[in-house]
4 protein chains.
Amino acid sequence: MAAYGDATSSSELVSSPDPNHPANLICELCRCFYQLGWVTGTGGGISIRDDQHVYIAPSGVQKERIAPEDIFVMKPDRTFFRKPARPLKHSACTPLFFNAYDLRQAGACIHTHSQHAVMATLLWRGKEFRISHQEMIKGMRVAGTGKALSYLDTLVIPIIENTPDEEDLREGMEQAMKDYPDAPAVLVRRHGLYIWGKDWTSAKGQAECLDYLLEVAVKMRMIGLETEGLPV
Amino acid sequence: MAAYGDATSSSELVSSPDPNHPANLICELCRCFYQLGWVTGTGGGISIRDDQHVYIAPSGVQKERIAPEDIFVMKPDRTFFRKPARPLKHSACTPLFFNAYDLRQAGACIHTHSQHAVMATLLWRGKEFRISHQEMIKGMRVAGTGKALSYLDTLVIPIIENTPDEEDLREGMEQAMKDYPDAPAVLVRRHGLYIWGKDWTSAKGQAECLDYLLEVAVKMRMIGLETEGLPV
Amino acid sequence: MAAYGDATSSSELVSSPDPNHPANLICELCRCFYQLGWVTGTGGGISIRDDQHVYIAPSGVQKERIAPEDIFVMKPDRTFFRKPARPLKHSACTPLFFNAYDLRQAGACIHTHSQHAVMATLLWRGKEFRISHQEMIKGMRVAGTGKALSYLDTLVIPIIENTPDEEDLREGMEQAMKDYPDAPAVLVRRHGLYIWGKDWTSAKGQAECLDYLLEVAVKMRMIGLETEGLPV
Amino acid sequence: MAAYGDATSSSELVSSPDPNHPANLICELCRCFYQLGWVTGTGGGISIRDDQHVYIAPSGVQKERIAPEDIFVMKPDRTFFRKPARPLKHSACTPLFFNAYDLRQAGACIHTHSQHAVMATLLWRGKEFRISHQEMIKGMRVAGTGKALSYLDTLVIPIIENTPDEEDLREGMEQAMKDYPDAPAVLVRRHGLYIWGKDWTSAKGQAECLDYLLEVAVKMRMIGLETEGLPV
């Protein structure tokens, strides 16, 4: 497993009695996200970082059943501090998570396969999802890490096209983040979304708000209501 | 934090082994409401009061993860007995909760961001939501704190317009409560609802009944059925 | 509380370490039914009987939070062995549960406010709900306590009109059970349903099958598919 | 119970402190599947096998409440090593599970009554369900046990007609598996689906992906979107 260089398999970096240790949080949050239908079928996940470490879940495993010792720990330079003793591969989303870390100085990034996201990308066939005049917009932040949006703001989320290999989304996501510097998330058509925040609570809170907004938006469009502007 | 005056951070007022202590109840009920989709993304919540104390959750935090020591305790005159040691702000809904306490002598008030409430306010575009001939109407009470409605009563809930700042809803909610003295709740368009009862069990029971009725009503309207009166 | 005659408040009849004791089962099943949306807002419930005792939950309380000491115990002659020490009233559904005991020799009867039941009674505007050619029909039993239905059978459930007082449903339910001797349940329009079985596992299993069938049927009708017979 | 030959009722084969022992897994997974709505009303289930043993749940019981001692253990030649001490019958799905074992060398097979499966078989009235261009397709495997599908592959699942007796599905399922050698599952019209994998994690992961795809597909068709190919 040369790709992991001289990484250790020691449990030291992922073993802690503190429930707020990133390795513990990733496991617990993945169980929550499973209940929400965001990470079923081994898809989706969350990465958390601190100044020195980036914590990454393994690829292709049941996300609701991962344990701290399954977590990879990377350095900010993308080399590995630590890999699990079990023969696991790190999440294919890793380059996407690093987009959030590098371009937005995020402290956590969540990837969901939420059906509301997928349905929204089927109904909004252009390059943007837009919604306004919803209280939950106030739970979103400019660029994901900036100030909170106002009820009077329109939330705009870019939609990129899916690619056969998850890694190949990196460039499209990066371009969308540059084209939409204020967007707090990127939707991937027929796939899901990536969303980030300054820390895991912010990323999770925004993920819940956006998922709610996508669900409401899909319902609105299905009954012929516009999601942007007010009816006259 | 001058706004909290000479409030203490002592845990005394919020620390109790009794699961029915308001500080424990608020935490437990917020976890329940999170499961119901009422308080995701840090929105929504519940306040409980007794003769001497008003218990308020903090603002902008994950409602399903608050602990008793995060709870604010106010006096009926709206000054603070107690604030958390952590640097938290009290819920922006506080003036709205006091509407229920002052105008209806409620013992608890719940604020939800339920999607059924939001969808109902999009489909009922006027100033009222109305439904009749549903068993669950019997779970509602006149003015929230009076006698139970009958199956033969029509439930009428006023709808007020949302405002950019939650505090600014206070006046609109107060006016709606004066205009609709029998209404057990107030809907806020594109936002959610406020509902109260003589105690937390009554507030929660009515919140469940109203949410059920809003969900049924939205389904009925989507398939072309009237929610008021009987078909001829 | 004269209506309870010389009933005791002793815990003896409802206190048991056996999780399958009816008083424990009623509490646990009500928590399950709450998760299913069948008994929110204090509505709905379950009664279980054995040769000597009929166990009844209290009225107007949060069904997911009842404790064994809240359970009423009646004799088959409808007088009370035991009432809770707390000032509670027994379920208003009691006469309806006795319909299942008296007319079908049931061992348990469930009352739900399931939205699927309510929606079905709005879409099936006559006196019967009918569905055929669904595997889940095989989970239903003739008259609720007889032999299992076959995949080739049509399930027919009578629908009665709701009444302002729950007790007043007794007569309508009895008549429907006489008119439809093979029906394993009775739907109550704009209200919910009553369903029974020879014991609690049978009643619960049939309740799940019927709820599933009602949900599928509502979806089918909403997209223009017939629920009885096969398409040609 | 001659059908079980000289099978023992000893607990030895099903009693283990290891949560990954098949007898423990079947019980735990059935509880999960109940939450997902796949095995309500005693329907559905899962079988797991290793080189020497095939583990089968009992028939007609509440799947979310089975205990390890309720599990049947068969030999690969379909005779019984072990039957429960309680008078239970083994799952009527047993011959269907063996289709997966015999024709695909599967290590586990799941049967669900998911409503998404049933609705899909009502909307796809021919002999195949087809979907393409969905990320979750990548969670499926050729023939269930082969290599992963690509985002560019079309997922094709054969649909067979239901029969009054579950055992009689065996032949139809076998024929469909021969006609569609690459299909990772078989849908049964108005009934549910069978899906398998090289082990229980693969079977469960694919079951979640397929259920997700069926749900999305039903929503797409309901709003007039094609599930195969891209819109032009």
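Residues numbered from 1 in each chain as written. Chains lettered and ligands numbered in written order. Predicted model: local features only at pLDDT ≥ 70, side-chain atom pairs only at ≥ 80, totals over all residues. Heavy atoms only, no water.

This is how the line gets drawn: UniProt positions are given in the numbering used here, feature names are shortened, and annotations may be inferred rather than shown by experiment.
Looking up chain A in an unreviewed UniProt entry gives the name Methylthioribulose-1-phosphate dehydratase, with the organism given as Mixia osmundae. Recorded in UniProt for chain A, the comment headed Function (unreviewed entry) runs: "Catalyzes the dehydration of methylthioribulose-1-phosphate (MTRu-1-P) into 2,3-diketo-5-methylthiopentyl-1-phosphate (DK-MTP-1-P)."

1. Brief notes about the overall build of chain A
The condition that has to hold: Labels follow the DSSP assignment, with helices taken as runs of H or I lasting at least four residues and strands as runs of E lasting at least two, numbered in each case from the N terminus. Atoms counted for the radius of gyration: C-alpha only. Globule rule: 2.2 Å times the number of residues to the power 0.38. Each residue is placed in one exposure class: buried if its accessible area under a 1.4 Å probe, protein chains only, is under 20% of its type's maximum, exposed if it is over 50%, and partly exposed if it falls in between. Working rule for contacts: check all heavy atoms of both residues, and any pair within 4.5 Å makes them a contact. Only the protein chains shown count as covering a residue, and every accessible area follows the Shrake-Rupley method with a 1.4 Å probe. Just so you know, the count uses Lys and Arg for positive and Asp and Glu for negative, and it drops His and the chain ends. Think of each charge as sitting on NZ of Lys, CZ of Arg, CG of Asp or CD of Glu.
Of the regular secondary structure elements, chain A holds five helices and nine strands. Here chain A has a C-alpha radius of gyration of 17 Å; the compact-globule value for 232 residues is 17 Å, and the two agree. In terms of principal-axis extent, the alpha carbons of chain A reach across some 65 × 35 × 30 Å. Within chain A, the proportion of its 232 residues that are buried is 58%. When contacts within chain A are restricted to residue pairs at least 6 apart in sequence, those whose partners lie at least 24 apart make up 66%. Surface accessibility of chain A: about 8,800 Å² in total, with carbon and sulfur atoms responsible for 51%. Charged side chains in chain A number 25 positive and 29 negative. The centres of these two groups are separated by 2 Å.

2. Let's talk about the pattern of salt bridges
Rules: Whenever Lys or Arg places a side-chain nitrogen within 4 Å of a carboxyl oxygen from Asp or Glu, that contact is recorded as a salt bridge.
Within this structure, the stated rule accounts for 56 salt bridges over all chains. Glu28 of chain B is the partner of Arg65 of chain C in a salt bridge, and the nearest nitrogen-oxygen pair spans 2.8 Å. Note that Arg65 of chain C is positioned in the loop between strand E2 (54–56) and strand E3 (72–74) and Glu28 of chain B in helix H1 (residues 22–35), a pairing that runs across two chains. Take Glu28 of chain B: its relative accessible area is 24%, and that puts it in the partly exposed class. Of the charged contacts, one joins Lys198 of chain D and Asp199 of chain D as a salt bridge, the two residues approaching to 3.3 Å between their closest N and O atoms.

3. Section: helix H3 (residues 115–123) of chain D
Threshold: Any pair of nitrogen or oxygen atoms within 3.5 Å is treated as a polar contact; in protein, a donor-acceptor pairing is required on top of that, and neighbouring residues in sequence qualify only through side-chain atoms on both sides.
Burial analysis of H3 of chain D places eight of its nine residues in the buried class, the great majority of the element. Of the residues making up H3 of chain D, those classed as buried are Gln115, Ala117, Val118, Met119, Ala120, Thr121, Leu122 and Leu123 of chain D. Where H3 of chain D is buried, its residues touch helix H5 (200–222) of chain C together with strand E6 (128–131), strand E7 (155–160), strand E8 (185–188), strand E9 (192–197) and helix H5 (200–222) of chain D. Its side-chain oxygen 3.1 Å from the backbone nitrogen of His116 of chain D, Ser114 of chain D forms the N-cap of H3 of chain D.

4. Let's talk about the relation of the copies chain C and chain B
Quick note on the threshold: When the copies are superposed, the least-squares fit draws on C-alpha atoms of residues that have pLDDT of at least 70 in both.
Expressed as a screw operation, the relation of chain C to chain B combines 0.0 Å of axial shift with a rotation of 90 degrees, fitting to an RMSD of 0.0 Å. Those values place the two copies in the arrangement expected of a four-fold rotation axis.

5. A closer look at the interface of chain A and chain B
Our working rule: Buried area: the accessible area, evaluated with a 1.4 Å probe, that two parts lose upon being put together, summed over both parts.
On the side of chain B, 23 residues touch chain A, which itself brings 29 residues to the contact. Across the chain A to chain B interface the summed buried area is about 2,200 Å²; carbon plus sulfur atoms make up 52%. Between the two partners, chain A and chain B, sit two salt bridges. The partner of Lys204 of chain A in a salt bridge is Glu64 of chain B, and the shortest N-O contact between them spans 2.3 Å. There are 14 residue pairs in polar contact (both at pLDDT 80 or more) connecting chain A and chain B. Among the elements that make up the side of chain A that touches chain B, the one with the highest residue count is helix H5 (residues 200–222) of chain A (eleven residues).

6. Looking at the interface of chain C and chain B
Threshold: Gly counts as polar in this scheme, as do all residues outside two lists: the nonpolar Ala, Val, Leu, Ile, Met, Phe, Trp, Tyr, Cys and Pro, and the charged Asp, Glu, Lys and Arg.
Listed as interface residues are 23 residues of chain C and, on the opposing side, 29 residues of chain B. Across the chain C to chain B interface the summed buried area is about 2,200 Å²; carbon plus sulfur atoms make up 52%. Interface area lost by chain C to chain B is led by Arg65, Gln115 and Arg190 of chain C, which between them contribute 31%. At the junction of chain C and chain B, the tally comes to two salt bridges. Linking chain C to chain B there are 14 residue pairs in polar contact (both at pLDDT 80 or more). Taken together, the residues that form the side of chain C that touches chain B break down as seven nonpolar, nine polar and seven charged.

7. Some words on the sheet that holds strand E4 (residues 80–82) of chain C
Two pairing modes exist for strands in a sheet, parallel and antiparallel, and in both the strands are linked by backbone hydrogen bonds. Residue and element names in this part refer to chain C. Worth spelling out the cut-off: Paired strands, in this sense, are two strands between which DSSP finds at least two bridges. Interaxial angles span 0 to 180 degrees and are taken between N-to-C directions of axes, which are lines fitted to C-alpha atoms, for helices over the stretch in contact.
Within the open sheet, the nine strands sit side by side as E4-E3-E2-E1-E5-E9-E8-E7-E6. Their pairing is mixed. Strands at the two margins of the open sheet, each flanked by one partner only, are E4 and strand E6 (128–131). Averaged over all pairs of adjacent strands, the angle between their axes in this sheet comes to 25 degrees, without regard to strand direction. Sheet topology note: the strand E5 (residues 108–112)/strand E9 (residues 192–197) ladder contains five bridges and is antiparallel. Paired with Thr112 across the strands is Leu193, a residue of E9.

8. Quick look at the side chain of Gln134 of chain A
Within the element layout of this structure, Gln134 of chain A appears in the loop between strand E6 (128–131) and strand E7 (155–160). If near-sequence neighbours (up to four positions away) are discounted, Gln134 of chain A is found in contact with Tyr151, Leu213, Val216 and Met220 of chain A together with Val118, Leu122 and Arg190 of chain B.

9. Some remarks on the sheet that holds strand E4 (residues 80–82) of chain A
Residues and elements named next belong to chain A. Taken in spatial order, the nine strands make up an open sheet running E4-E3-E2-E1-E5-E9-E8-E7-E6, and their pairing is mixed. Looking at which strands have only one partner, the edges of the open sheet turn out to be E4 and E6. Taken pair by pair, the neighbouring strands of this sheet meet at an average axis angle of 25 degrees, ignoring direction.

10. Looking at the UniProt feature "binding site: substrate" (unreviewed entry) in chain A
Residue and element names in this part refer to chain A. Look at the UniProt record and you will see "binding site: substrate" (unreviewed entry) annotated at Cys93. Positionally, Cys93 belongs in the loop between E4 and helix H2 (94–104). According to the relative accessible area criterion, Cys93 is buried, its value standing at 5%. Leave out the neighbours within four places in its chain, and Cys93 touches His111, Glu166 and Tyr194.

11. Concerning the side chain of Ser47 of chain A
Residues and elements named next belong to chain A. Checked against the element boundaries, Ser47 lands in strand E1 (residues 45–49). Of note is the side chain of Ser47, whose polar atom sits 2.9 Å from the backbone oxygen of Tyr55. If sequence neighbours within four positions are ignored, Ser47 has contacts with Val54, Tyr55, Ile56, Phe97, Tyr101, Gly107, Ala108 and Cys109.

12. With respect to the UniProt feature "binding site: Zn(2+)" (unreviewed entry) in chain A
According to UniProt, the "binding site: Zn(2+)" (unreviewed entry) feature falls on His111, His113 and His191 of chain A. Spanning 81 residues, the named residues form one tight spatial group whose C-alpha atoms are at most 10.0 Å apart. Within the secondary structure, His113 of chain A is located in the loop between strand E5 (108–112) and helix H3 (115–123). On the accessibility criterion, His113 of chain A (5% relative accessible area) is buried. Among residues more than four places away in sequence, those in contact with His113 of chain A are Gly37, Trp38, Gly43, Gly44, His191 and Gly192 of chain A together with Glu135, Met136 and Tyr212 of chain D. A polar atom in the side chain of His113 of chain A sits 3.4 Å from the side chain of His191 of chain A. Its location among the elements puts His191 of chain A in the loop between strand E8 (185–188) and strand E9 (192–197).

13. Let's talk about unusual backbone geometry
Residue His133 of chain C is not a glycine yet carries a positive backbone phi of 60 degrees. Relative to the assigned elements, His133 of chain C resides in the loop between E6 and strand E7 (155–160). A positive phi angle, near 75 degrees, is found at Arg78 of chain D, a position not held by glycine. For Arg78 of chain D, the position within the fold is in the loop between strand E3 (72–74) and strand E4 (80–82).

14. Things to note about the pairing of E9 of chain D
Residue and element names in this part refer to chain D. Most of E9 is tucked away: six of the six residues are buried. The side-chain alternation of E9 yields two buried faces, one formed by Gly192, Tyr194 and Trp196 and the other by Leu193, Ile195 and Gly197. Looking at chain direction, E8 and E9 are connected through four bridges and run antiparallel. Bridge pairing in E9 places Val186 opposite Tyr194. The antiparallel hairpin formed by E8 and E9 contains three residues in its connecting segment, where Arg190 sits at a positive phi of about 60 degrees.

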